[in-house]
Amino acid sequence: MTNANSSAQRTLILVKPDGVRRGLVGEVIARVERKGYKISALRMLSADKSMLETHYAEHKGKPFYEPLMEFMLSGPIVAMIAEGERVIEGFRSLAGATDPTVAAPGSIRGDLARDQGTRVVQNIVHGSDSPESAEREIKIFFPNN
Ligand code: DAT
Ligand code: MG
């Protein structure tokens, strides 16, 4: 950001392999755009293990870590940078709670995902949870932005 006094932020959004497989990339993008955030970078890719180890470092050692890695490697993902005032909090609100069974109806996870009985929760999207996480995660997926 060029203006130090601006509350404008950037966040990293991922459409996870379940969202891509189910054809929900456009739905996620549309919700982000309709909310009024600006998508400033976008790419489809197959993540590799080292990217995901960095991205999910905080979860290493948790029971769902290995299933989470395997799931994130199971197909292509779509990564994007969204920008706007308080976009980090705003996208987390659009995404809904981590557990899609109880995520609020109206949210991406609440409307479009449910428990599939898998060892890792499959919930369509990732969104950064703080400005520090956002900058760290953006570097992984967009090293030039
Ligand atoms: P979020 O994606 O809402 O930020 P997180 O960072 O705590 O949630 O976890 C990363 C992902 O790991 C999450 O989207 C789904 C999965 N996950 C989290 N907690 C889980 C749990 N207790 N059991 C199974 N999967 C879980
Ligand atoms: Mg998280």
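Everything below is about the structure shown above.
Predicted model only: the values in this text are computed from it and were never measured. (Residues numbered from 1 in each chain as written. Chains lettered and ligands numbered in written order. Predicted model: local features only at pLDDT ≥ 70, side-chain atom pairs only at ≥ 80, totals over all residues. Heavy atoms only, no water.)

K.L.:
Just checking my understanding: could you explain the overall build of the protein chain for this structure?
P.N.:
Assigned secondary structure in the protein chain consists of seven helices and four strands. Overall, the protein chain shows an N-to-C arrangement of helices and strands of β-α-α-β-α-α-β-α-α-β-α. Here the protein chain has a C-alpha radius of gyration of 15 Å; the compact-globule value for 145 residues is 15 Å, and the two agree. Taken over the C-alpha atoms alone, the protein chain extends approximately 45 × 35 × 25 Å along its principal axes. Intrachain contacts of the protein chain at a sequence separation of at least 6 include 74% that bridge at least 24 residues. When the accessible surface of the protein chain is totalled, it reaches about 7600 Å², and 49% of it is carbon and sulfur. Charge centroids of the protein chain, computed over 19 positive and 18 negative side chains, lie 2 Å from each other. (Helix = DSSP H or I, 4+ residues; strand = E, 2+ residues; numbered from the N terminus. Rg over C-alpha atoms; globule rule 2.2 N^0.38 Å. Contact = heavy atoms within 4.5 Å. Areas by Shrake-Rupley, 256 points an atom, 1.4 Å probe, with all protein chains shown as cover. Lys, Arg positive; Asp, Glu negative; His and termini not counted. Charge placed at Lys NZ, Arg CZ, Asp CG, Glu CD.)

K.L.:
How should the sheet that holds strand β4 (residues 125-127) be read in this particular structure?
P.N.:
As a general point, the strands of a sheet are linked pairwise by backbone hydrogen bonds and lie either parallel or antiparallel. The sheet built from four strands is open, its strands ordered β2-β3-β1-β4 with antiparallel pairing. Only two strands of the sheet have a single neighbouring strand rather than two, namely β2 (38-45) and β4. The average angle at which neighbouring strand axes cross in this sheet is 20°, direction not considered. Contacts between helix α7 (residues 131-141) and the sheet are confined to β1 (8-15), β2, β3 (77-85) and β4, with β1 contributing the most and set at about 55° to the helix. (Pairing = 2+ DSSP bridges. Axes fitted to C-alpha atoms, helices over the stretch in contact; angles between N-to-C directions.)

K.L.:
Sorry, what's going on with unusual backbone geometry here?
P.N.:
Here Arg86, not a glycine, exhibits a phi torsion of approximately 55°, which is positive. Residue classification places Arg86 among the exposed residues on the basis of a relative accessible area of 52%. Even without being a glycine, Ile124 presents a positive backbone phi close to 70°. Secondary-structure assignment places Ile124 in the loop between α6 (108-112) and β4. (Buried < 20%, exposed > 50% of the residue type's maximum accessible area, 1.4 Å probe, protein only.)

K.L.:
Mind showing me how you'd approach helix α5 (residues 87-95) here?
P.N.:
Because an α-helix completes one turn every 3.6 residues, residues spaced three or four positions apart along the sequence face the same direction. The complete set of buried residues in α5 reads Val87, Ile88, Gly90, Phe91, Leu94 and Ala95. One side of α5 holds all its buried residues, which, seen down the axis, span an arc of 165°. One or two steps after α5, the chain reaches Gly96, where phi turns positive at roughly 90°. (Arc of directions from axis to C-beta.)

K.L.:
Which parts of the structure should I look at to understand the site of ligand 1?
P.N.:
By nearness alone, every residue bordering ligand 1 is listed as Lys16, Tyr56, His59, Phe64, Leu68, Arg92, Thr98, Arg109, Arg119, Val120, Val121 and Asn123. One of the side-chain nitrogen or oxygen atoms of His59 is found 2.8 Å away from an oxygen atom of ligand 1. The contact in question runs from an oxygen atom of ligand 1 to an N or O atom on the side chain of Arg109, over 3.1 Å. Protein coverage of the free-state accessible area of ligand 1, which is 510 Å², stands at 75%. In the shell around ligand 1, the residues fall into five nonpolar, three polar and four charged. (Near = heavy atom within 4 Å. Polar contact = N/O pair within 3.5 Å; in protein donor to acceptor, adjacent residues only side chain to side chain. Nonpolar A, V, L, I, M, F, W, Y, C, P; charged D, E, K, R; others polar.)

K.L.:
How should the pairing of β1 be read in this particular structure?
P.N.:
Successive side chains on a regular strand alternate, one facing one side of the sheet and the next facing the other. Among the eight residues in β1, six count as buried, and that is most of the element. Relative to β3, β1 is paired through eight bridges, and the arrangement is antiparallel. Looking across to β3, one finds that Arg10 is bridged to Glu83. Strand direction decides the pairing type here: β1 and β4, joined by three bridges, are antiparallel. Within β4, the residue paired with Leu14 across the bridge is His126.

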